[in-house]
Amino acid sequence: MNNNLRSTIEKIVANGAAIVSFDYPDKDGAIKRRNGVIGYKPFGHRVWGEHESKAIVVSKAGNEFLTVKTNNEDTPTGHAYKSFNLEKISNFTHKGITV
C-alpha cells in the first residue's frame, strides 16, 4: 500500500475536486501519462469494492484504487471514469508538486 500517495490524495480532495496527472502502465506494459480530475462525490455501487473517500476505492481483496475522471480517453467525449491501482501509480503530480 502506498501510504504517502494515499495521504497526499486525501489532502488534495479535502478541498474538493482537483486536476492531477500520473504515470501508469498500460495493458501492453508501456507507461502512459494519465491526467484527469479526482475528488468527486462517490458515485454508484462497485461490485468489486467500496469507496472510502471521494477519491479512494478499496477492493474486496484489500487493494486501493484511485478513481479518476480521465481527460485523455478514446471516447466520444474524451472522458471516462476509471480506477487505477495506487501501487502502480508513479510520478503523481498536482499543481507542480510530484509524489
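Preceding this section is the structure that the text describes.
Calculation notes
Residues numbered from 1 in each chain as written. Predicted model: local features only at pLDDT ≥ 70, side-chain atom pairs only at ≥ 80, totals over all residues. Heavy atoms only, no water. Helix = DSSP H or I, 4+ residues; strand = E, 2+ residues; numbered from the N terminus. Rg over C-alpha atoms; globule rule 2.2 N^0.38 Å. Buried < 20%, exposed > 50% of the residue type's maximum accessible area, 1.4 Å probe, protein only. Areas by Shrake-Rupley, 256 points an atom, 1.4 Å probe, with all protein chains shown as cover. Lys, Arg positive; Asp, Glu negative; His and termini not counted. Charge placed at Lys NZ, Arg CZ, Asp CG, Glu CD. Polar contact = N/O pair within 3.5 Å; in protein donor to acceptor, adjacent residues only side chain to side chain.

Student: Would you mind showing me how to read the overall build of the chain here?
Tutor: If you tally the helices and strands in the chain, you get 1 helix and 8 strands. Listed N to C, the secondary structure of the chain is α-β-β-β-β-β-β-β-β in terms of helices and strands. Relative to its length of 99 residues, the chain is compact, with a C-alpha radius of gyration of 13 Å against a globular reference of 13 Å. Each principal axis of the C-alpha atoms in the chain carries an extent, and together these give about 30 × 25 × 25 Å. Out of the 99 residues belonging to the chain, those deemed buried represent 42%. Counting every atom, the chain has about 5,800 Å² of accessible surface; 52% of that belongs to carbon and sulfur. Computed over 14 positive and 10 negative side-chain charges, the inter-centroid distance for the chain is 5 Å.

Student: Teacher, can you tell me more about the side chain of S53 here?
Tutor: Within the secondary structure, S53 sits in the loop between β3 (49–51) and β4 (56–59). Within the local environment of S53, its side chain forms a polar contact with the backbone nitrogen of A55, the two atoms lying 3.1 Å apart. A distance of 3.0 Å separates a polar side-chain atom of S53 from the backbone nitrogen of I56.

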